[in-house]
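# A look at the structure
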Amino acid sequence: MVTTSAKCRVWNAIWFLGQQIGDDQEDGTILVPYPMTLVELSKVSGTTRETTSQMVQQLVKENKIQYNRKYFKILVRDETST
């Protein structure tokens, strides 16, 4: 995580997880099959839990990800979509 933007760091962490352990879905999305809390994501992305929560909410509003019951689903397949 070499960027200063918190949104980019959170997105890059989610994207990395999707690429490493994600399952391709029939609808073209990527499901991360591991339940991940925002605290865990904040540690991976190098941001605070509060910042991570705000950035995840923003990414959800932008329809780039879904976050439901600790599971992430990546809706876009463009790594640089932040």
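Let me sum up the structure you'll find in this document. (Residues numbered from 1 in each chain as written. Predicted model: local features only at pLDDT ≥ 70, side-chain atom pairs only at ≥ 80, totals over all residues. Heavy atoms only, no water.)

Glancing now at the pairing of strand E4 (residues 71-74). Residues in a regular strand project their side chains so that they alternate between the two faces of the sheet. Of the pairings in the sheet, the one linking strand E2 (residues 30-31) to E4 comprises two bridges and is antiparallel in character. Residue pairing in the sheet places Ile30 in a bridge with Ile74 of E4. Where strand E3 (residues 65-68) meets E4, four bridges bridge the pair, whose relative direction is antiparallel. By the bridge assignment for E4, Tyr67 is matched with Phe72. In this antiparallel pair of consecutive strands, E3 and E4, the connection spans two residues, and Arg69 shows a positive phi of 55 degrees. (Pairing = 2+ DSSP bridges. Helix = DSSP H or I, 4+ residues; strand = E, 2+ residues; numbered from the N terminus.)

Moving on, we come to the packing of helix H2 (residues 38-45) against helix H3 (residues 49-61). For any two helices packed against each other, one specifies the crossing angle of their axes together with the interaxial distance. Packing of H2 against H3 leaves a shortest axis separation of 9 Å and a crossing angle of 100 degrees. Viewed along their axes, H2 and H3 adopt a mutual orientation that is roughly perpendicular. Residue-level inspection shows Leu38, Val39, Leu41, Ser42 and Ser45 of H2 in contact with H3, the latter providing Arg49, Thr52, Ser53 and Val56. A class-by-class count of the residues in the contact of H2 with H3 yields four nonpolar, four polar and one charged. (Axes fitted to C-alpha atoms, helices over the stretch in contact; angles between N-to-C directions. Parallel < 35°, antiparallel > 145°, perpendicular 65-115°, else oblique. Contact = heavy atoms within 4.5 Å. Nonpolar A, V, L, I, M, F, W, Y, C, P; charged D, E, K, R; others polar.)

Moving on, we get to the sheet that holds E4. One open sheet accounts for four strands, arranged E1-E2-E4-E3; its pairing is antiparallel. Two strands close off the open sheet at either side, each with one partner strand: strand E1 (23-24) and E3. Strands in contact with helix H1 (residues 6-21) are E1, E2, E3 and E4; relative to E4, the strand with the most contacts, it is inclined by about 90 degrees. In the packing of H3 onto the sheet, contacts are made with E3 and E4, and the angle to E3 comes to roughly 120 degrees.

As for its placement among the helices and strands, Lys73 is situated in strand E4. Put simply, Lys73 is tucked away with no salt bridge, and the nearest opposite charge, on Asp27, sits 4.0 Å away. The contact partners of Lys73, leaving out residues within four places of it in the chain, are Asp27, Thr29, Ile30, Leu31, Lys64, Ile65 and Gln66. (Buried < 20%, exposed > 50% of the residue type's maximum accessible area, 1.4 Å probe, protein only. Lys, Arg positive; Asp, Glu negative; His and termini not counted. Salt bridge = Lys/Arg side-chain N within 4 Å of Asp/Glu carboxyl O.)

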